[in-house]
Amino acid sequence: MRDSSDLGRFSDPSLLILSSLASGSKHGYAMMMDIQEFSGTKLEPGTLYGALARLERRGWVEPLPSKDRRRPYRITGEGMQALREQLASIQRVVKTGLRRLANPG
Amino acid sequence: VRPTWLIRLYPREWRQRYGEEMCALLGQHKATYATFFDLLLGALDAHLDPQAWRKPMSFSPERLRKLRTAAATPFGVFPLFFVLWFVISRGDDSWRYLREINPLASVVYDILYIGQTMGSELSLAFLAALALEFCTAAILALHAVRSESSDTRQSAFELVPLAACILVVAAALVRGKFDWLGTVVSLPLVLPLLIGLVLSKAALNESTIRLVLVASILVVLTMVTTLAGIFVLQVMAAILLPSPAWPLQLVPGFVGICILAASTLWSLWRSLNGGTAPSVPPDVGRANA
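Residues numbered from 1 in each chain as written. Chains lettered and ligands numbered in written order. Predicted model: local features only at pLDDT ≥ 70, side-chain atom pairs only at ≥ 80, totals over all residues. Heavy atoms only, no water.

Draft legend 1. Quick look at empty space enclosed by the protein. Evaluated as defined, the whole model comprises one cavity of 30 Å³ or more. By volume, the largest cavity is sized at about 40 Å³. As for the largest cavity, its lining consists of A:His27, A:Gly28, A:Tyr29, A:Tyr49, A:Arg70, B:Glu21, B:Ala24, B:Leu25 and B:Gln28. Looking at the lining of the largest cavity, the elements with two or more residues in it are α2 (28–39) of chain A together with α1 (12–28) of chain B. Taken together, the residues that form the lining of the largest cavity break down as four nonpolar, three polar and two charged. (1 Å grid on protein atoms, 1.4 Å probe; cavity = no way out; pocket = protein on both sides within 12 Å on 5 of 7 lines; lining within 4 Å. Points joined across faces, edges and corners; volume = space filled by probe spheres on them. Helix = DSSP H or I, 4+ residues; strand = E, 2+ residues; numbered from the N terminus. Nonpolar A, V, L, I, M, F, W, Y, C, P; charged D, E, K, R; others polar.)

Draft legend 2. Quick look at the environment of A:Leu15. All names here are of chain A. Relative to the assigned elements, leucine 15 resides in helix α1 (residues 11–21). Taking the C-alpha atoms as reference points, leucine 15 and leucine 55, 40 residues apart in sequence, are found 9.8 Å from one another. Those residues within four positions of leucine 15 in sequence are excluded, and the remaining contacts are Leu83, Gln86, Leu87 and Ile90. (Contact = heavy atoms within 4.5 Å.)

Draft legend 3. Spatial organisation of the nonpolar core. Of all hydrophobic cores here, the largest spans 32 residues; its most connected members are A:Ile17, A:Leu48, A:Tyr49, A:Tyr73, B:Trp14 and B:Met22. Setting aside anything within four residues of it in sequence, one finds A:Ile17 in contact with A:Met31, A:Ile35, A:Leu43, A:Leu48, A:Ala51, A:Leu52 and A:Leu55. (Core = buried A, V, L, I, M, F, W, Y, C linked by side-chain atoms within 4.5 Å. Buried < 20%, exposed > 50% of the residue type's maximum accessible area, 1.4 Å probe, protein only.)

Draft legend 4. Quick peek at the packing of α2(A) against helix α3 (residues 45–58) of chain A. Residues and elements named next belong to chain A. It is the contact of α2 with α3, at a shortest axis distance of 11 Å, that shows an interaxial angle of 105°. By the criterion of interaxial angle, the relationship of α2 to α3 is roughly perpendicular. Here Gly28, Met31 and Met32 of α2 come into contact with α3, specifically with Pro45, Leu48, Tyr49 and Leu52. Of the residues in the contact of α2 with α3, the class split is six nonpolar, one polar and no charged. (Axes fitted to C-alpha atoms, helices over the stretch in contact; angles between N-to-C directions. Parallel < 35°, antiparallel > 145°, perpendicular 65-115°, else oblique.)

Draft legend 5. Here's a closer look at α1(B). Residue and element names in this part refer to chain B. Look at α1: 23 Å from first C-alpha to last across 17 residues, which is about the 24 Å you get at 1.5 Å a residue. For α1, the principal kink sits at tyrosine 18 and spans about 60°. What α1 keeps buried is the set Glu13, Trp14, Arg17, Tyr18, Gly19, Glu21, Met22, Ala24, Leu25 and Leu26. (Expected span 1.5 Å × (residues − 1). Bend = angle between axes of the 7 residues up to and from the residue.)

Structure (structure tokens):
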């Protein structure tokens with residue numbers, strides 16, 4: 001499993017960014033809008049680019065040629081794999097939590 | 001008010017890479033107090049995140065070699081200068097006498113000693129910080145070879161030079177009251193850390209190596225101030241005193257410091273001339289690889 005512990009406080013924004021880019025390449029503002037729409041989380045620019053820089057360094061996202069100052073990003077194959085693993089892990093937590101809520105005690 | 005000016009708080013390399021697109025984003029984004037705070041936090045994070053702003057060396061190998069020589073020179077020169085100054089200042093009885101009888105000589109004497117002391121302390125603090133920066137770079141390089149380290153751990157390593165700087169400045173303050181103690185505490189901080197310079201062969205970054213120029217200039221300024229003070233005081237002694245003393249160690253010491261200052265200047269001059277290798281924006285290069 002790909003280790004995302006060193007993403008620190010950017011681990012949650014990173015998951016949101018990867019989820020957003022899973023549906024296609026986007027520039028910063030489009031990512032913010034998309035993330036707000038599907039998760040209700042409003043990412044601010046400093047947090048977005050802090051996470052984006054880390055994801056780029058890990059090779060999980062990559063920049064595309066910029067269009068009128070805005071640079072789109074796309075998720076890489078390794079990023080897809082990391083996202084799958086993280087979502088699977090969250091899914092296990094969700095399943096367990098729901099099961100325990102249904103049968104308390 | 002658009003908070004685009006806050007992007008100036010980010011490291012230069014960061015701005016070169018992400019500045020334009022962040023400005024474009026802020027042009028569309030409705031800024032709130034949270035945006036200002038977030039950008040401030042982001043800038044702080046970018047400064048504490050060594051991987052974000054450390055870029056690969058873009059100096060040519062020849063220039064790098066000259067810069068490394070220029071970096072090593074003040075480390076070697078400064079202790080020698082310290083010894084020579086110690087030897088010369090043992091025979092300053094006639095200067096002290098001159099100081100008592102002539103107000104102008106008193107001013108020159110004070111400038112010489114204050115300049116020499118402050119210059120030495122500053123040089124010492126800077127060299128210690130620089131040496132620790134080299135050590136940190138070496139540790140980071142070794143660490144990176146062994147394992148992919150966490151950002152938090154690397155940020156902690158970044159604080160080491162700062163801590164060393166504070167330690168040396170504290171030692172310098174103590175030195176004002178206990179002369180021998182300050183010297184005992186601060187000098188050994190510099191010398192063993194020269195090893196860091198040797199170990200950090202492949203790990204230096206440009207911002208660090210540019211600090212070398214500041215260290216060299218500080219050391220040279222200290223030596224020039226000292227030389228000028230010695231020269232003026234001795235000339236005044238020759239003019240004003242009926243039988244001025246010419247201590248045995250004065251001329252060799254003076255010439256020695258001249259040679260040390262000249263060699264530091266020469267290595268500094270050499271390091272300023274040399275080619276640069278074409279540089280590739282590191283993040284884009286890595287991402288496209």
